[in-house]
Amino acid sequence: KDGILQRKLHADIDGKRIPWGKRGWKTFHGVLKGMVLYLQKVDYRRDQLVNEEVVSVHHSLAEPAVDYTKKPHVFRLQTADWRVFLFQASGKVEMNSWISRINLA
Ligand code: I3P
């Protein structure tokens, strides 16, 4: 599974609050392979996608971020080490597809 994902860091390892200046939204190309979510960016010099972040979704939980109302199609990902990410998908169908693929991984 792959597609464009906007990501916001919500909580760091053990649920620690993300400090000011690091709480903004960033755009990535997301790829889910097995139990790993790769967040990639385009390297324009080499004309290829490079991994910026690698997130294990083993023992994680994805669900619609019903309490986050500033943007549509946002889901919440809580990892096994208690990090929390918000991801905005490109639409509702895409959001549901990411959620089910992550939860089945
Ligand atoms: C954050 C950025 C985010 C915003 C967040 C800000 O600033 O403006 O877009 O979240 O608000 O702290 P910075 O880039 O300097 O970290 P929202 O888009 O959800 O409002 P927050 O601290 O209330 O999460």
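Structural notes, computed from the coordinates. Because the structure is predicted, anything quoted here is derived from the model rather than measured.

1. Looking at the overall build of the chain
Counting its regular elements, the chain contains one helix and seven strands. For the chain, the α and β elements follow one another from N to C terminus as β-β-β-β-β-β-β-α. Computed over its C-alpha atoms, the radius of gyration of the chain comes to 13 Å, within 12% of the 13 Å expected for a compact globule of 105 residues. The dimensions of the chain, computed from C-alpha atoms along their principal axes, are 40 × 30 × 25 Å. Put simply, the chain has 105 residues, and 37% of those count as buried. When the accessible surface of the chain is summed, it comes to about 6600 Å², and 53% of that surface belongs to carbon and sulfur atoms.

2. What to know about the sheet that holds strand 1 (residues 2–11)
Spatial ordering of the open sheet is given by 4-3-2-1-7-6-5, a layout of seven strands whose pairing is antiparallel. Edge positions in the sheet fall to strand 4 (48–56) and strand 5 (61–64), since each of these pairs with one other strand and no more. Across the sheet, the axes of successive neighbouring strands diverge by a mean angle of 40 degrees, strand direction being ignored. Pairing between strand 6 (residues 74–78) and strand 7 (residues 84–88): five bridges, direction antiparallel. In the strand pairing of strand 7, Val-74 is matched with Gln-88. Helix-sheet contacts for helix 1 (residues 92–104) involve strand 1, strand 2 (25–33), strand 3 (36–43), strand 5 and strand 6, and the interaxial angle to strand 5 is about 160 degrees.

3. Remarks on helix 1
Given 3.6 residues to a turn, an α-helix orients residues that are three or four positions apart in the same direction. Over its 13 residues, helix 1 runs 18 Å from end to end, which matches the ideal 18 Å to within 8%, given 1.5 Å per residue. Along helix 1, the positions that sit buried rather than exposed are Met-95, Trp-98, Ile-99 and Ile-102. All buried residues of helix 1 lie within an arc of 95 degrees about the axis, which places them on one face of the element. What points out from helix 1, more than 90 degrees from its buried face, is the exposed set Val-93 and Leu-104. Check the buried side of helix 1 and you find it contacts strand 1, strand 2, strand 3, strand 5 and strand 6.

4. What about the site of the ligand?
By nearness alone, every residue bordering the ligand is listed as Lys-8, Trp-20, Gly-21, Lys-22, Arg-23, Gly-24, Trp-25, Tyr-68 and Lys-70. Interatomic distance of 3.1 Å between a side-chain N/O atom of Trp-25 and an oxygen atom of the ligand. Residue Tyr-68 places a side-chain N or O atom 2.4 Å away from an oxygen atom belonging to the ligand. Contact with the protein chains covers 61% of the free accessible surface of the ligand, which is 500 Å². Classifying every residue of the shell around the ligand gives three nonpolar, two polar and four charged.

5. Some points on the pattern of salt bridges
A side chain of one charge can pair with a side chain of the opposite charge when the charged atoms of the two come close. Under the definition given, this model contains five salt bridges. One salt bridge connects Lys-1 with Glu-94, and the closest N-O pair in it is separated by 3.0 Å. Here Lys-1 is found in the segment before strand 1, whereas its partner Glu-94 is found in helix 1, with 93 residues between them in sequence. A salt bridge links Glu-53 to Arg-7, with the shortest nitrogen-to-oxygen separation between them at 2.5 Å. Of the two residues, Glu-53 is situated in strand 4 and Arg-7 in strand 1; the sequence distance between them amounts to 46 residues. Overall, the relative accessible area of 3% leaves Arg-7 in the buried class.

Reading the values: the criteria
- Residues numbered from 1 in each chain as written.
- Predicted model: local features only at pLDDT ≥ 70, side-chain atom pairs only at ≥ 80, totals over all residues.
- Heavy atoms only, no water.
- Helix = DSSP H or I, 4+ residues; strand = E, 2+ residues; numbered from the N terminus.
- Rg over C-alpha atoms; globule rule 2.2 N^0.38 Å.
- Buried < 20%, exposed > 50% of the residue type's maximum accessible area, 1.4 Å probe, protein only.
- Areas by Shrake-Rupley, 256 points an atom, 1.4 Å probe, with all protein chains shown as cover.
- Pairing = 2+ DSSP bridges.
- Axes fitted to C-alpha atoms, helices over the stretch in contact; angles between N-to-C directions.
- Contact = heavy atoms within 4.5 Å.
- Expected span 1.5 Å × (residues − 1).
- Arc of directions from axis to C-beta.
- Near = heavy atom within 4 Å.
- Polar contact = N/O pair within 3.5 Å; in protein donor to acceptor, adjacent residues only side chain to side chain.
- Nonpolar A, V, L, I, M, F, W, Y, C, P; charged D, E, K, R; others polar.
- Salt bridge = Lys/Arg side-chain N within 4 Å of Asp/Glu carboxyl O.

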